[in-house]
Amino acid sequence: LLAEFDPDKRPALETGAAAAALGELGYEEAVPVLVKAFERMADQGFSHGNADAPAAAARAEVLSALSRLGGPQANAAVRRGLLDSDAGVQRSALAAVQTLKEKESFLFVERLAGSADDDTARAAYLALGALGGPDAERILRFGLKASGARRASAACGLMAMGESAGELALDGFFEEEADP
């Protein structure tokens, strides 16, 4: 599988499926190959404006595989994924940060917590909870002032840190969600 892994010779969907398989198999020797493939795909996506949905999905699958395999090279690719212009790739990178607890990505995650895309902001709150620390707590406590699912994600992030979300997080949340 690894010998045949070449995103330049395969359609994006096949590349994503092969990356997922390598990650599921836990094949750590695949990390350098996956990182190189991600970098090539990210460069191509950047030059084409990331408009190709299958290519973006393949980049997200590669990041997901790297999150299962870990290591310094994987961490660097994850940080680059946080800068991708595709929200799905960003969310995959945020999930990888959450899994790997990749501390060097904190500033990128902090930026994504303010994303206009609700799903991305919620994923960033969860990643901040996994990263922990006083700065993450400060951002998450600020997130408790948001409404709806963003507030719930900020509360989950705090709880992942072992912090009390307090009544502010959930007080009135269910009533608010129930209002049409």
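One structure accompanies this document, and this report is about it. Keep in mind the model is a prediction, meaning the values are calculated, not measured.

Okay, the overall build of the chain next. Counting secondary structure elements, the chain contains 11 helices and zero strands. Reading the chain from its N end, one meets helices and strands in the order α-α-α-α-α-α-α-α-α-α-α. Here the chain holds 180 residues, and 45% of them are scored as buried. The contacts in the chain between residues at least 6 apart in sequence include a share of 63% that link residues at least 24 apart. Summed over its atoms, the accessible surface of the chain is roughly 9100 Å², and 55% of this surface lies on carbon and sulfur atoms.

What follows is about the pattern of salt bridges. Tallied over the entire structure, the rule returns 10 salt bridges. Of the charged contacts, one joins Arg91 and Asp117 as a salt bridge, the two residues approaching to 2.9 Å between their closest N and O atoms. Pair noted here: Arg91 is in helix α5 (residues 87-100) and Asp117 is in the loop between α6 (106-113) and α7 (118-131), with a separation of 26 residues, a long-range link. Across the salt bridge formed by Arg141 and Glu137, the nearest N and O atoms sit 3.1 Å from each other. Of this pair, Arg141 and Glu137 both sit in helix α8 (residues 134-143), four residues apart, which is roughly one turn of the helix.

Further remarks concern the environment of Ala124. With respect to the element layout, Ala124 can be found in helix α7. Of the residues examined, Ala124 reaches a relative accessible area of 0% and is grouped as buried. C-alpha of Ala124 to C-alpha of Arg111: the two residues are 13 residues apart in sequence and 8.6 Å apart in space.

Before going further, it helps to spend a moment on the packing of helix α3 (residues 53-69) against α5. Packed helix pairs are characterised by how far apart their axes lie and by the angle those axes make with each other. Between α3 and α5, whose axes approach to 8 Å, the crossing angle comes to 5°. Taken together, α3 and α5 sit at an angle that is classed as roughly parallel. Contact residues: α3 offers Ala56, Arg59, Ala60, Leu63, Ser64, Leu66 and Ser67, while α5 offers Gly88, Val89, Ser92, Ala93, Ala96, Thr99 and Leu100. Grouping the constituent residues of the contact of α3 with α5 by class yields eight nonpolar, five polar and one charged.

Reading the values: rules and limits
Residues numbered from 1 in each chain as written. Predicted model: local features only at pLDDT ≥ 70, side-chain atom pairs only at ≥ 80, totals over all residues. Heavy atoms only, no water. Helix = DSSP H or I, 4+ residues; strand = E, 2+ residues; numbered from the N terminus. Buried < 20%, exposed > 50% of the residue type's maximum accessible area, 1.4 Å probe, protein only. Contact = heavy atoms within 4.5 Å. Areas by Shrake-Rupley, 256 points an atom, 1.4 Å probe, with all protein chains shown as cover. Salt bridge = Lys/Arg side-chain N within 4 Å of Asp/Glu carboxyl O. Axes fitted to C-alpha atoms, helices over the stretch in contact; angles between N-to-C directions. Parallel < 35°, antiparallel > 145°, perpendicular 65-115°, else oblique. Nonpolar A, V, L, I, M, F, W, Y, C, P; charged D, E, K, R; others polar.

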